Amino acid sequence: MGQIIAVVNQKGGVGKTTTAVNLTAALRDVGQKVLLCDFDPQANATSGLGVDKKKLKHSIYDVIINGVDTASAIVSTNFGDILPASADLAGAGVELLQMERPNFCLKDALAQVKDSYDLVFIDCPPSLEMLTLNALAAADGILIPVQCEYFALEGLSDLMTTMRMVKKRINPNLEIFSVVLTMFDGRTNFSTQVAQEVRRHFPGKVCATVIPRNVRLAEAPSHGLPVSAYDKHSRGALAYRAVAEELKKKL
């Protein structure tokens, strides 16, 4: 049975989609069968795996709102399978409220296919709203990318409050699967201090490998590639490969 992991942080710019895309590719490279569900209306994870958003036959919006079969919307790529997103998803939060089980539409959709995979990642939007609640209701655990800067710590407090609410009312089995430190700058004491603080707050949950600031990581999405395909010897690619090895052991 595949595990469903929501990649979530309501703060934007922390490397959430970068982490979802590159861990999908890296885990595939170490022998895991991975599905990435793009649940962000910006659909950056979709384009990050090289899928043209303008040529989609179906998207996750069609699955959760129009009842399209989940498997028929999945697109296979050289870097892992993706359940793509489109701009239509931007209005889905309101439409979900009209559904019979508004908090569980994504859970029901992923239940159709999750047993075909070792791991299903959900790339969540950078906000705590209806789409994110659906993702948290569907997930077995959450993976939190944390940028090594001060304001990232403030955002974690809001996320933990939301997680406690979801555990109490919607998904009692939800747990923190892992925390990944991103955009780490080893030249500054502050990055190191933030990393220490995060490890203190989440003992045993933070990956030993940190994701460094890396030009290749920033360039790869514009080519529709994960960094492992764009430059497999770059620091970013090696770091995500190491994180993938850590997560594989957890699985």
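The text that follows walks through the structure, step by step, so that each part is easy to find.

Rules of the game
Residues numbered from 1 in each chain as written. Predicted model: local features only at pLDDT ≥ 70, side-chain atom pairs only at ≥ 80, totals over all residues. Heavy atoms only, no water. 1 Å grid on protein atoms, 1.4 Å probe; cavity = no way out; pocket = protein on both sides within 12 Å on 5 of 7 lines; lining within 4 Å. Points joined across faces, edges and corners; volume = space filled by probe spheres on them. Helix = DSSP H or I, 4+ residues; strand = E, 2+ residues; numbered from the N terminus. Nonpolar A, V, L, I, M, F, W, Y, C, P; charged D, E, K, R; others polar. Pairing = 2+ DSSP bridges. Axes fitted to C-alpha atoms, helices over the stretch in contact; angles between N-to-C directions. Contact = heavy atoms within 4.5 Å. Buried < 20%, exposed > 50% of the residue type's maximum accessible area, 1.4 Å probe, protein only.

A short note on the layout of surface pockets
Right, on to step 1. Taken as a whole, the largest pocket holds about 560 Å³ of empty space.
Right, on to step 2. Considering the residues around the largest pocket, the lining is formed by 31 residues, among which Gly 15, Lys 16, Thr 17, Thr 18 and Met 183 are closest to the centre.
Right, on to step 3. Of all the elements in the fold, those that place two or more residues in the lining of the largest pocket are helix H1 (16-29), helix H2 (44-48) and helix H10 (215-219).
Right, on to step 4. Looking at the lining of the largest pocket residue by residue, the class counts come to 15 nonpolar, 12 polar and four charged.

Re the sheet that holds strand E6 (residues 141-147)
Two pairing modes exist for strands in a sheet, parallel and antiparallel, and in both the strands are linked by backbone hydrogen bonds.
Right, on to step 1. A sheet is described by the order of its strands in space; here seven strands give the open sequence E3-E4-E2-E5-E1-E6-E7, paired in mixed fashion. Since the sheet does not close on itself, it has two edges, and those belong to strand E3 (75-77) and strand E7 (175-182), each with one partner. Here the average twist between neighbouring strands, direction ignored, is 25 degrees.
Right, on to step 2. Direction of pairing for strand E1 (residues 3-7) relative to strand E5 (residues 119-123): parallel, over a ladder of five bridges. Bridged to Ile 5 within E5 is Phe 121.
Right, on to step 3. Along the sheet face, helix H7 (residues 130-138) touches E1, E5 and E6 and points at about 150 degrees away from the line of E1.
Right, on to step 4. Most of the contacts of helix H9 (residues 189-201) go to E7, to which it runs at about 175 degrees, and overall it touches E6 and E7.

Some remarks on unusual backbone geometry
For residues besides glycine, phi is generally negative; the peptide bonds are generally trans as well.
Right, on to step 1. The phi dihedral of Ala 43 is positive, around 55 degrees, even though this residue is not glycine.
Right, on to step 2. Look at Ala 43 and you get buried, because its relative accessible area is 1%.
Right, on to step 3. Phi is positive for Met 183, close to 55 degrees, though the residue is something other than glycine.
Right, on to step 4. Along the chain, the position of Met 183 falls in the loop between E7 and H9.
Right, on to step 5. For Met 183, a relative accessible area of 23% gives the class partly exposed.

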